[in-house]
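Spelled out, the chains give:
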Amino acid sequence: MDQQNPQPQETGNLVCCRCGAVAEGMPPTWTCSVENGARRYFCDACARENIRAIEGRLDSAWW
């Protein structure tokens, strides 16, 4: 798996780890975070709401 271009493990729909929103494929506006070695995807709305925590590298459990 390419570190520069993270892709979801399975093909198909992505689910936001925060709100449960579903998207087909890999939307360019979604955020990918690696927490405890696992990839977590967040929709654009959740990413916008928590941008300071994301930039501060806080795991989503702290949001």
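Here is a short report on the structure shown in this document. These numbers come from a predicted model, not from an experiment.

**A closer look at the pairing of strand E4 (residues 38-42)**
Phase 1: Note that strand E3 (residues 31-35) and E4 share five bridges and pair antiparallel. Pairing of Val-34 across the sheet is with Arg-39, part of E4.
Phase 2: Hairpin connection from E3 to E4: two residues lie between these consecutive antiparallel strands, with Asn-36 at a positive phi of about 55 degrees.

**Quick word on the nonpolar core**
Phase 1: Judged by nonpolar contacts, Leu-14, Cys-16, Ala-23, Trp-30, Tyr-41, Phe-42, Cys-43, Cys-46, Ala-53 and Trp-63 together constitute the single largest core of ten residues.
Phase 2: Residues in contact with Trp-30, not counting those within four places in the same chain, are Leu-14, Val-15, Cys-16, Ala-21, Val-22, Ala-23, Tyr-41, Phe-42, Cys-43 and Asp-44.

**Considerations on the pattern of salt bridges**
Phase 1: The final tally for this structure, using the stated rule, is one salt bridge.
Phase 2: The shortest N-O distance in the salt bridge between Glu-35 and Arg-40 comes to 3.5 Å.
Phase 3: Judged by its relative accessible area of 7%, Glu-35 is buried.

**So, the environment of Asn-36**
Phase 1: Structurally, Asn-36 is set in the loop between E3 and E4.
Phase 2: Residue Asn-36 is classed as exposed on the basis of its relative accessible area, which comes to 78%.
Phase 3: Separated by 23 residues in the primary sequence, Asn-36 and Asp-59 place their C-alpha atoms 8.8 Å from one another.

The rules behind the values
Here the residue numbers are simple positions, counted from 1 along each chain's written sequence. Under the rules for a predicted model, residues below a pLDDT of 70 receive no local features and side-chain atom pairs below 80 are neither given nor counted, while totals for whole chains, interfaces and linings still include all residues. Each side-chain value is derived from all of the structure's non-hydrogen atoms; neither hydrogens nor water enter the calculation. By definition, two strands form a pair when at least two bridges between them are found by DSSP. The secondary structure listing takes helices from DSSP runs of H or I that are at least 4 residues long and strands from runs of E that are at least 2 residues long, numbered from the N terminus. Residues enter a nonpolar core if they are buried and are Ala, Val, Leu, Ile, Met, Phe, Trp, Tyr or Cys, with the set joined through side-chain atoms within 4.5 Å. Exposure categories follow from relative accessible area, calculated using a 1.4 Å probe and restricted to protein chains: below 20% of the type maximum is buried, above 50% is exposed, and the middle band is partly exposed. Two residues form a contact once any of their heavy atoms are found within 4.5 Å. A carboxyl oxygen of Asp or Glu within 4 Å of a side-chain nitrogen of Lys or Arg is what we treat as a salt bridge.

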